[in-house]
Structures are given as C-alpha cells and as structure tokens.
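# Chain and residue survey
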Amino acid sequence: MIPADLQMNLTGSMALKWDPKNLEIRTRSVEKTLEPLVIQVTTLVNTKGPSKKKKGRSKRAHVLVAAVEKATDNFIEKGEQIAYENPDIKQEMLSAVDEVRKTGDAMSIAAREFADDPCSSLKRGNMVRAARNLLSAVTRLLILADMVDVHLLLKSLQLVEGDLEKVKNASSQSELLDTFRQFGRNAVDLIQQAAKRQAELKDPRLRDDLAAARAVLKKHSMMLLTASKAYVRHPELAAAKANRDYVYKQVCEAVNTIADVAQGKALGGVALPYDGPGELAAALDDFDERIIMDPLTYNEVRTRPSLEERLESIISGAALMADSSCTRDERRERIVAECNAVRQALQDLLSEYMANVGKNKPADSLDKAIENMCRKTRDLRRQLRKAVVDHVSDSFLETNVPLLVLIEAAKNGNEKEVEEYAQVFTEHASKLVEVANLACSMSNNDDGVKMVRFAASQIENLCPQVINAARILAARPRSKVAQENMDVFKEAWENQVRILTEAVDDITTIDDFLAVSENHILEDVNKCVLALQEGDADTLDRTAGAIRGRSARVCNVVTAEMDNYEPGIYTERVLEAVAVLRDQVMPNFAQRVEVAVEALGTQPQRDVDENEFIDASRLVYDGVREIRRAVLMNRVGLSETLMFFIFWKCYVRR
C-alpha cells in the first residue's frame, strides 16, 4: 500500500524514492513560494541596455541581482533547517541545497557580469542559462521540501493501517476497545494532515478525492466500532461478519485513496461513472443545436437519417420515463403526445430545409419551422421535467417509514417479519436510486448530477448492510451491542437519505417542484374528502399523512431556497407564507384529521362535521398555492412590488 515515492527500508523507517528530473508542481505552497524568485529572475533577464543618458552600467540590474542573491540565501537556509529536522530525508535535502548553492553562485557571477555590461548578448545568454539552472534547482528543493509533508502524512497513514489490522483481528471486547482507542487517535491525526494536504493541492480532482476519503474515514469510524463489537460478540452470525467486513473495506479504501492522492495519482485515470451531465438533457441540447443549419449544407441522404436517429434515441429515453411505475397516467399521455408532436415538427422542418436547398435567401416558412421545432422540444422537456418531479414528490415522501418498520420487527426478534420487511426496504431503496437517476437524466447541472449519482451509489451500498444490522438484532434482540450497531446504521441511513434528498432538490427547479406539489396535494385533498364521505378511516388517515408529508417537504424546500437570496421584501413574504402553512394551517388540519379518524373508527361511526373538514383541507391547498405565488413573485411581479413599495415610501408617507 505504501506509494513508490516513499517506501519501507529494512529498519522499518520510511525511505525516500524520487525522480530529481520531475519538476511537476502539485501544490499551491510550492507555486506561491517560487513565484517571487521567478518574477525577479524574469525581470532581470528582460532588463534592457542602459539609456542614452547613462553609459556602461545598469543600476537597476544590480538591484535585481542583489534581490535574487538574497532570495537564494533564504532558500538555502530554510532547506538546511528542514534537512536537520527530518533525518529520514536529510541526505536528499542537503544534496538539493548544495545544488541551489552552486547554481546560485553561478547565477550571481553571470548576473553581475551582465549588469556591468547589459549590452552584451553573450553575457545575457550566459545569465539566461544560469537563471534556468537556478530555477530548476530551487524548484527541486521546494518539491522535495513539500514531500516532507507527504512523508509525515504517510507515516501517520502507516500507523492507521496497523491499527486497522489490529481492530480486524481483535478477539475480545477489551482488546477491541483498546486497539480502537489507538486507531481513533491516529485516525484523527491522519484526517487533520489530509485536510492540510487537501488545501495545498492544485488539482481539483485530487482535492475532491481527498475530501471524499476524509469524509468516509470520519463517517465510518463509529460504524467500524459498533460493527466490530457486534462481530466479536456474535461471530456465529453471518450478518455480523458482513457488517464488519463492509465497514472495514470502506475505511481501507479511504486510507488507500489518501495514500494515492498524496502521491498525485489520479484514481483510475479515467472518468468516474458519476461524471457528466444527464444523458437525456445532453441529447436534447445536442439535438437543438443540430436542427439549426445553413440550408446550403443540408443533405437529404445524410442529414435526415442522422436527425431522425437522434430524435428516436431521445424518444426512447422519454418512453422509459413514461413507462416507469411511478409515472401518472395523465403525465404519460402528455409525454406520448409531445413525442408525436416533436416527430411531426422534425418532418416539417426537414421538408422546409429540402425546399430551400439551392436558394440564395431562405423562405420565412423555414424560420417558422425552426421556431416550431424548438417550441416542441421545449414542451417535451417541460413534460419530462414534471414527470421527474412527479417521481421525486411521490418517492421522497416519508422515507423513514420502511426503515422504522424493519427495525421494529428486529427489536421484537421476529426474523420472519424482518425478511419480509427487508424486501420492502430494498424496494424502497431501489426506488430512491431509480428516481435519483431519472432526475439526473434531465439535469444539465454537472456538479449537481455528480453529487446525486454519488449519493445514490452510497444508498445502494448501505442498503444491504442496514438489513444485515436488522438481522443481527432480530437474531439477538436482547444484545446491547446489536442494538448499538442497529442505531449507528439507522443514523447512517437517515443521513445518507437526507444527503440524497438535498442533492436531488438541487438539480430540480423549485418552479417545477411547487407546481407538481400543488397538483399532488389537490389530488390528495380530494381523496381525503371522498374517504370521509365513504367512511373509509384507513384511506383517510393514509392520505392525510401524505398531505402532511408533502406540505412539510414544500416548507423545507422553499426555506432552503430562500437561503440563496439576500434578505428583503421577497424572502420575507415567502417565509411568511411558509410560516402560515407550517404553524397555523397544518396543525389545524392534523387536528381535524384526528377527530375524523377517531369518529370513523368507532362502532357505530359518529358523525363528522364534513364542512369543517373540507375547509381545513382547502386551507392546506390554499397555503401551498400561496407559497408558490410568493416564490413566483420573483419571476413575474417583484419589480412591480418594489416600484409600489418605493412609491408608497416616498409619496404616500410624505
């Protein structure tokens, strides 16, 4: 695992292996430290001959020579200090310092000769060569000094590796706790050193890799402890070993990543599966660009099949979304209709291109066909985005229920129920991942898509381990370590779902989300009223729960959105609408639902004031609609509002 640049020798210390010809600067500190010397040397090299008023010598050049000499002496002094403070690399550092001293002396001689005779091209050439040698020597010294930090980081990493091996091989609770305390201390030190290295790195990809590895190491430390305790206490359970092995693997991979990044190694050297924009969104963008062309370049044999093939690929992606189990019938019909409209618009456009081939001036009908084509693809995009938000609104609702049911069965020691609910939990997790990927497919936000895909992959990996934790608890319901392990995996799952939810919210527009949420709440309100009229207490309670969940999601999403704006009239109005729904309307609705469910659950059923229930339900819909109106004010009416406010403040109050 130890990188090639820093390897173990026979005595167990870290030996430095590096290529002195490699002058790649990987960190900001090296670049920043070298910059002043580069400027001074460059300025000196670019110094022109003496002016007509002064003969012979260049006073400015002598000043620059002195500055370069002083800077070189500082590098030599700091290099020697680092060498004596770090015995492992003392010889390499002193050798680099000697090289700086030699090239510095040569540069000083050449520069002073040039300063005395700045018109001599020979002396200028000698100084340029000496300057290059000096900069190369100083760069090597700085890179070697920078590797001291890498050296210290990898020594810390080596300690963590040893601790991990001890944790893995611990055979008793006391041995495990002792080794884990040491692991905890060394892991904290490694995380801190990795954070310093992350701040220094120039490559953003390496910084991201290191940040992710640090997060995994920090997040999985407690999981490693509880999973290891459960395995040591219940080694006979396969689920306990699976839990421990999963967390152990995650931590080891994070440590490996830190080691690779410290040496500047790109992970895999290829694009990760999380990278890139959404496939469907990118295909639509590409199609929109290709449909606009010069009629003179149109070729019926090549252009028509190419565009038709691209459109059919887009329609295939749209069909997959339309056929998804969560897509509502009305939305499916609209997507199919828009696909047919886009097909027809393309045929009309291609016919216009064909009719305008060879004409000096395209007909107005061609512009209209292009405009119609763009409008139809825009309409298709809108329906696909709303289909995505349909899925998000339905799937990211009461996301903790399958988990809580699973845990309750495990606490009761009912292994059969745990297996049944494990299937439900797996389907729930798969649905979250599927919807997240659908959201990615229609997003152009590269960074946001990357975050969603990464979070979704974490959900996929964590799901079976949550089930394993439940199996351990179901098999040993009175075990304290099994309960602790379940609690830690429960918290990890809830945190990961929250991260995924926030990431998905970031790549879906709030306008689409509010429009769809408003429609869904109206549907649920109508279902509630119908269930009340039919005396169906279960449907009433379940649908009212969905309304409460949707309303809470609206409040949370809109509140988070307002954090992106400067406080003012707009945010105040939006947050006021949120507060009314959350603090006044929803408690009243919940109370009415409770009374109605209780009345319908008695035998015989008691009468419920239907009008009061309908009013409470209508207020929920009105509250959501008012929030949407307040948010949209920024799109259509904010300027008018501000103008009115200014008028009122300046004239009415006068």
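Note that the structure is predicted; figures quoted are calculated from it, not measured. (Residues numbered from 1 in each chain as written. Predicted model: local features only at pLDDT ≥ 70, side-chain atom pairs only at ≥ 80, totals over all residues. Heavy atoms only, no water.)

## Some words on the overall build of the chain
Per the secondary structure count, the chain includes 20 helices and two strands. Per-residue burial for the chain yields a buried fraction of 45% across its 654 residues. The contacts in the chain between residues at least 6 apart in sequence include a share of 78% that link residues at least 24 apart. (Helix = DSSP H or I, 4+ residues; strand = E, 2+ residues; numbered from the N terminus. Buried < 20%, exposed > 50% of the residue type's maximum accessible area, 1.4 Å probe, protein only. Contact = heavy atoms within 4.5 Å.)

## A look at the side chain of Thr543
Topologically, Thr543 is positioned in helix H17 (residues 537-562). A polar contact is formed between the side chain of Thr543 and the backbone oxygen of Thr539, at a distance of 2.7 Å. Sequence-distant contacts of Thr543, that is, excluding residues within four places in its chain, are made with Asp524, Lys527 and Cys528. (Polar contact = N/O pair within 3.5 Å; in protein donor to acceptor, adjacent residues only side chain to side chain.)

## A short note on the nonpolar core
One finds Phe183, Trp493 and Leu500 to be the most contacted residues of the largest nonpolar core, which totals 115 residues. Tallying contributions element by element places helix H14 (residues 446-475) first for this core, with 15 residues. Contact partners of Trp493, with chain neighbours within four places excluded, come to Leu403, Phe425, His428, Ala429, Ile459, Leu462, Cys463 and Val466. Core analysis: the next-biggest nonpolar cluster, separate from the first, contains 38 residues, Cys528, Ala544, Val574 and Val631 among them. (Core = buried A, V, L, I, M, F, W, Y, C linked by side-chain atoms within 4.5 Å.)

## Observations regarding the confidence of the model for the chain
Mean pLDDT over the chain: 83, with 85% of residues reaching 70 or higher. Within the model, pLDDT remains below 50 along residues 51-58, and this stretch shows eleven contacts once partners closer than five positions in the same chain are excluded. Note that pLDDT drops below 50 for residues 637-654; the model gives that stretch nine contacts with residues more than four away or on any other chain. (pLDDT = per-residue confidence, 0-100.)

## Topic: the pattern of salt bridges
Inspection of every chain in the model, using the stated rule, returns 35 salt bridges. Several salt bridges share partner residues, and in doing so they unite Arg328, Asp394, Glu523, Asp524 and Arg550 into one network. (Salt bridge = Lys/Arg side-chain N within 4 Å of Asp/Glu carboxyl O.)

## Details of unusual backbone geometry
One non-glycine residue, Glu398, lies in positive phi territory at about 50°. Within the element layout of this structure, Glu398 appears in the loop between helix H11 (364-395) and helix H12 (401-411).

## Re helix H16 (residues 510-534)
With 25 residues, H16 ought to run about 36 Å at 1.5 Å a step, and its terminal C-alpha atoms sit 36 Å apart, in line with that. Where H16 ends, the next residue or the one after it, Gly535, has phi of about 70°, a positive value. (Expected span 1.5 Å × (residues − 1).)

## Let's talk about the environment of Ala238
Looking at the secondary structure, you find Ala238 in helix H7 (residues 238-262). Owing to a relative accessible area of 66%, Ala238 belongs among the exposed residues under this scheme. When the C-alpha positions of Ala238 and Asn468 are compared, they lie 8.6 Å apart, and in sequence the two are 230 residues distant.

## Focus on the packing of H16 against H17
The contact between H16 and H17 brings their axes to 9 Å, and the two run at 160°. The orientation of H16 with respect to H17, classified from their angle, is roughly antiparallel. As for the relative orientation of H16 and H17, their crossing is left-handed in sense. The class makeup of the residues in the contact of H16 with H17 is 15 nonpolar, five polar and five charged. (Axes fitted to C-alpha atoms, helices over the stretch in contact; angles between N-to-C directions. Parallel < 35°, antiparallel > 145°, perpendicular 65-115°, else oblique. Left-handed = near helix turned anticlockwise from the far one by under 90°. Nonpolar A, V, L, I, M, F, W, Y, C, P; charged D, E, K, R; others polar.)

## Some details on the packing of H12 against helix H13 (residues 415-441)
Direction vectors running N to C along H12 and H13 enclose 165°, while the axes themselves pass 9 Å from each other. Taken together, the axes of H12 and H13 lie roughly antiparallel to each other. The crossing of H12 and H13 is left-handed. Of the residues in H13, those in contact with Pro402, Leu403, Val405, Leu406, Ala409 and Ala410 of H12 are Glu417, Val418, Tyr421, Ala422, Phe425 and His428. Per-class residue counts for the contact of H12 with H13 are ten nonpolar, one polar and one charged.

## Notes on the environment of Glu610
Following the sequence through the fold, Glu610 ends up in helix H19 (residues 610-636). According to the relative accessible area criterion, Glu610 is partly exposed, its value standing at 32%. For Glu610 and Val529, which are 81 residues apart along the polypeptide, the C-alpha to C-alpha distance reads 8.1 Å. Setting aside residues up to four positions removed in sequence, Glu610 forms contacts with Leu532 and Gln533.

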